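Here is what each chain is made of, one letter per residue.
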Amino acid sequence: MSEPVSPPPLPVTWRPRRGRVVAYGFAVVIVLGAVVMAVFIARPFQLPDRVAIVAFGCAVAYVLHLLGRVRVEADEKGLTIVNAVRTHRYTWPEALEVTMVVGDPWPRIDFSDGHTVGAMGIQGSEKERARQALAELRALIRERGEAHEERP
């Protein structure tokens, strides 16, 4: 069993490294490819077709941006979980625990209102970074969350 981790100083942000590189790297390649294709495409294609090709490339890049922006932020007031489509904001007393089973793509955080939210900002595929981030997040929830017991 690993030794307990002390909570990191706030504010702190956890975000995947590889996922961002891949998402934004592909976004650049797709937009550049769409522009090159629009410029060099055969004669029957007119300006509206060329604009549509670039617009489609930009739409794909936007979806990749949604995947690249995922993160988990902790500050004095609570947790902000930015996933691909939704952003969740919870205060510390609402946080109960964080769990991540081996093989899970990202951890799940349980809250006092009964919701469980996946935290895509901590990617299980980044083994050691994910373990460290999970340990730090657990320490913060233990220190500040609802399970925190006031000491006399």
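Nothing here was measured: the structure is a model prediction, and the numbers come from that model.

Student: What exactly am I supposed to notice about the UniProt feature "domain: Low molecular weight protein antigen 6 PH" (unreviewed entry) in the protein here?
Tutor: The sites that carry the UniProt feature "domain: Low molecular weight protein antigen 6 PH" (unreviewed entry) are, in the present numbering, residues 69-138. A helix fraction of 17% and a strand fraction of 37% characterise residues 69-138, whose end C-alpha atoms lie 22 Å from each other.

Student: Looking at this structure, I do not really get the UniProt feature "transmembrane region" (unreviewed entry) in the protein. What am I missing?
Tutor: The positions that UniProt labels "transmembrane region" (unreviewed entry) are, in the present scheme, residues 21-45 and 51-68. Between the end C-alpha atoms of residues 21-45 the distance is 33 Å, and the span holds 80% helix and 0% strand. What you have in residues 51-68 is 100% helix and 0% strand, and the ends, taken at the C-alpha atoms, are 25 Å apart.

Student: Got a minute to help me understand helix H2 (residues 47-68) in this structure?
Tutor: Given 3.6 residues to a turn, an α-helix orients residues that are three or four positions apart in the same direction. In a regular helix each residue adds 1.5 Å, so 22 residues correspond to 32 Å; H2 covers 31 Å between its end C-alpha atoms and thus fits that length. By the burial criterion, the buried members of H2 are Arg-50, Ile-53, Gly-57, Ala-61, Leu-64, Leu-66 and Gly-68. Among the structural elements, helix H1 (18-40) are those in contact with the buried residues of H2.

What counts as what
- Residues numbered from 1 in each chain as written.
- Predicted model: local features only at pLDDT ≥ 70, side-chain atom pairs only at ≥ 80, totals over all residues.
- Heavy atoms only, no water.
- UniProt positions renumbered as here; feature names shortened; annotations may be inferred.
- Helix = DSSP H or I, 4+ residues; strand = E, 2+ residues; numbered from the N terminus.
- Expected span 1.5 Å × (residues − 1).
- Buried < 20%, exposed > 50% of the residue type's maximum accessible area, 1.4 Å probe, protein only.
- Contact = heavy atoms within 4.5 Å.

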